[in-house]
Amino acid sequence: MDKVLVELKNIKKSYDDTEVIHNLSLYIKENEFLTLLGPSGCGKTTLLRIIGGFETHDDGQVIFDGQDMKDTPAYQREINTVFQNYALFPHLNVFDNVAFGLRIKKLDKDTIDTKVKNALRLVKLEGYEQRPVSKMSGGQQQRVAIARAIVNEPKLLLLDEPLGSLDLKLRQDMQYELKEMQESLGISFIFVTHDQEEALTMSDTVVVMKDGVIQQIGRPEDIYNEPKNRFTASFIGESNIVEGVMKEDYLVHFEGLDFTCVDKGFAKNEPIDIVIRPEDIVLAAPADDRINGVVDDIIFKGVHYEIIVLVNGREYIIHSTDPVNVGDEVSLNFDPDEIHVMKRTDEASS
Amino acid sequence: MKHLRKLSYPYLVWMVLLVFVPTLLVLLLSVSDLDVFNAGPFRLTFEWIEFLGKPKVTNAVRNSIYYSFLATFFSFLIGYPVAYYLASLKTRFKTFYVTLLIIPIWSNMLLRIIAWEKLFFPISILNMFGISFDLIGTDYAILIGMVSMYLPFMVLPIYSVLEKMDRSLVDAAKDLGANDFQTFYKVIFPLSISGVVSGTIMTLLPAMTAFALPERLGAGKIQLIGNVIEDYFLKTNNINAGSLISILLMVVIVFMFIAILRFDKEGETLI
Ligand SMILES: Nc1ncnc2c1ncn2[C@@H]1O[C@H](COP(=O)(O)OP(=O)(O)OP(=O)(O)O)[C@@H](O)[C@H]1O
Ligand SMILES: [Mg+2]
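Please read these numbers as outputs of a predicted model, since none were measured by experiment.

S.K.: Quick question: what am I supposed to make of the interface of chain A and chain B here?
M.R.: Accessible area lost during the coming together of the parts is what is often quoted as the interface size. Taken together, the contacts link 21 residues of chain A with 17 residues of chain B. For the pair chain A and chain B, the two sides together bury roughly 1,700 Å², of which 66% comes from carbon and sulfur. At the boundary of chain A with chain B, the tally comes to one salt bridge. A salt bridge links Asp171(B) to Arg49(A), with the nearest nitrogen and oxygen atoms 3.1 Å apart. The interface formed by chain A and chain B includes five residue pairs in polar contact (both at pLDDT 80 or more). Contributions of two or more residues to the side of chain A that touches chain B are made by strand E6 (79-82) and helix H2 (94-104) of chain A. Take the side of chain A that touches chain B: its biggest share by element is four residues, from H2(A). Each residue belonging to the side of chain A that touches chain B can be placed in one class, and the counts come to 11 nonpolar, six polar and four charged.

What follows is the structure in structure tokens.
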């Protein structure tokens, strides 16, 4: 678990003079489940293509299993990919698509048969062996693509939004199966997704990216609880982000009040951003030493209510299981360790 | 939609007058003894079939098959890599090179044949460069002529399937461990097969039925089936035997087109 499998060192990549990956460094250990999370166009696919060997980087190194991959063509890398657009072979049926890599390796027919059957069972497509892939639905094609990659049991599997076209139930089943397989086979996964919940539930490590730059790397809990900046905080889950000032260590000022907090190491009176998660705020009767506001809206969300409270013209989102009435005057209550102070980034207003 | 149908009337008239009627006439001529000097009455006869056994005809059939298959084979050998290269070019250059390939088709074929003929005589403009060919009447002359005439018809259908092929399939094959050669024969070639079939038939057909080309470059020594038909119609005045051979040739052509359509249901390779 501790050995580093892939190391990216100072990777740079430009397309027609536009740099899409900026000096990116990252490593992934053996048997680690690493997720790349970021908005569309931030360079996730490009990064996977560089690791897979389909794209050459302009600068930097890709080290796989201790070896620089500079001169290793894609077909010699012990890496398999689930492509974002599936890239299934239209002239082959499901079985032949999945068996493609095994046949290249010249395994014997019985082994191929068993392995393909197993892979198809894993993605719940038994009985579809002879179907032409063009006659399959988007979700089925996506599962064929997953089977075609995992059947080879590579050291590293790159998955580019592999569950994007599946409905919720199937998606959850497949999340479970993939995680299970990753743990039992000891394969490392680099998993791309738009879905932050998926990222948080499945990963050992989450990498948040924006515009070709890594914003934060960490365990899901850390990413969620200790977002490093406004971007990560707003990208991972709903949150209330407020500007404030760090008066001194453990003392932060916002909404006109001073609060004790657990953060330190900022300059005196440094402007900062504060994030408070909606589920960390408890509503109570108005009080002088609290942030007070008026309930503006309440929406039933199934498990909880989403309550919007207006404070000096700013909206706060609160998740609570207790209903309130629109127009109620309330105070916002939270513990010191639920105030997360982040360094102010350049585009603080985004 | 209905009133638009009227626009197709000129085409229908054209079809009937210039395709349907002549074909029917040729068909009638091939099974009767009607001809320029005998306008009727119609009498069914199959006596022209015996002409098919004449050495002149069997020889021409053999030549037609021999030259057209060889020319098609060489066109494929040269044309596939060209099509592959063109399809892999950046868009900007693509149009330019494809146009270069098409331009010769726009000039008259007879002119191009005569141009080759001149080059294949021992005394030609090539002497300027110290080169002299004596190829007229040889297999080489016919094959070089045919390949140069029909190569674009091989390249274009293959190019058009390769061009539309999803490049990510090549990545997928590489990803699964296939080297360049395996990627080619397991993915790229099978996916371009409809283009190859179209290209083959588009080359084979005109090569098989050529008559100006063998006449000029073969110096009259090499006769293809087209030359025999021409002979029967214009020189020996046996338009019945000529018609019968034409009809049989047409049947072969129709079968070939059925073959194309079987491989290429949308007809996307037929430009
Ligand atoms: N072949 C290419 N030529 C030019 N620009 C490209 C190419 N591939 C990607 N880009 C650009 O690089 C940037 C990153 O693209 P990439 O596909 O890696 O994004 P992504 O994070 O995978 O997005 P998505 O979530 O939408 O899949 C984008 O701005 C894109 O326009
Ligand atoms: Mg992508």
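From this point, the discussion proceeds with the structure in view.
S.K.: How do you make sense of unusual backbone geometry when you look at a structure like this?
M.R.: Keep in mind that most residues, glycine aside, have a negative phi and that most peptide bonds are trans. Residues and elements named next belong to chain A. Of note, the phi angle at aspartate 17 is positive, near 70 degrees, even though the residue is not glycine. As for its placement among the helices and strands, aspartate 17 is situated in the loop between strand E1 (4-15) and strand E2 (18-29). At lysine 124, a position not held by glycine, the phi torsion is positive, near 60 degrees. Inspection of the secondary structure puts lysine 124 in the loop between helix H3 (109-122) and helix H4 (138-150). Using a relative accessible area of 34% as the deciding quantity, one classes lysine 124 as partly exposed.

S.K.: In this structure, what is going on with the domain arrangement of chain A? I would like to understand it.
M.R.: According to the domain assignment, chain A consists of domain 1 (4-225) and domain 2 (282-333). Here domain 1 of chain A and domain 2 of chain A have C-alpha centroids that lie 42 Å from each other.

S.K.: What is the right way to look at the layout of surface pockets in this model?
M.R.: Space left empty within the atom packing is revealed by a probe, the size of a water molecule, rolled over the atoms. Residues and elements named next belong to chain A. The space that makes up the second largest pocket amounts to roughly 250 Å³. What lines the second largest pocket is a set of 13 residues, and nearest its centre among them are Asn118, Leu122, Glu153, Met181 and Leu185. Of all the secondary structure elements, the ones that give two or more residues to the lining of the second largest pocket are H3 and helix H5 (168-185). Partitioning the lining of the second largest pocket into residue classes produces six nonpolar, two polar and five charged.

S.K.: Is there a simple way to think about the pairing of strand E9 (residues 205-210) of chain A in this case?
M.R.: When a strand is regular, its side chains alternate between the sheet's two faces. Residues and elements named next belong to chain A. The element E9 is extensively covered by neighbouring structure, given that five of its six residues are classed as buried. Across four bridges, the pairing between strand E3 (residues 33-37) and E9 is parallel. From the neighbouring strand, threonine 35 faces E9, where its bridge partner is valine 206. Taken together, the five bridges between E9 and strand E10 (residues 213-218) define a ladder with antiparallel strand orientation. Among the inter-strand pairings, valine 207 is bridged to a residue of E10, identified as isoleucine 217. In textbook terms, the turn of a hairpin is the stretch between consecutive antiparallel strands, and for E9 and E10 this stretch comprises two residues, one of which, aspartate 211, has a positive phi near 50 degrees.

Rules behind the numbers
Residues numbered from 1 in each chain as written. Chains lettered and ligands numbered in written order. Predicted model: local features only at pLDDT ≥ 70, side-chain atom pairs only at ≥ 80, totals over all residues. Heavy atoms only, no water. Contact = heavy atoms within 4.5 Å. Buried area = accessible area lost by both parts, 1.4 Å probe. Salt bridge = Lys/Arg side-chain N within 4 Å of Asp/Glu carboxyl O. Polar contact = N/O pair within 3.5 Å; in protein donor to acceptor, adjacent residues only side chain to side chain. Helix = DSSP H or I, 4+ residues; strand = E, 2+ residues; numbered from the N terminus. Nonpolar A, V, L, I, M, F, W, Y, C, P; charged D, E, K, R; others polar. Buried < 20%, exposed > 50% of the residue type's maximum accessible area, 1.4 Å probe, protein only. Domains from an automatic or database assignment. 1 Å grid on protein atoms, 1.4 Å probe; cavity = no way out; pocket = protein on both sides within 12 Å on 5 of 7 lines; lining within 4 Å. Points joined across faces, edges and corners; volume = space filled by probe spheres on them. Pairing = 2+ DSSP bridges.

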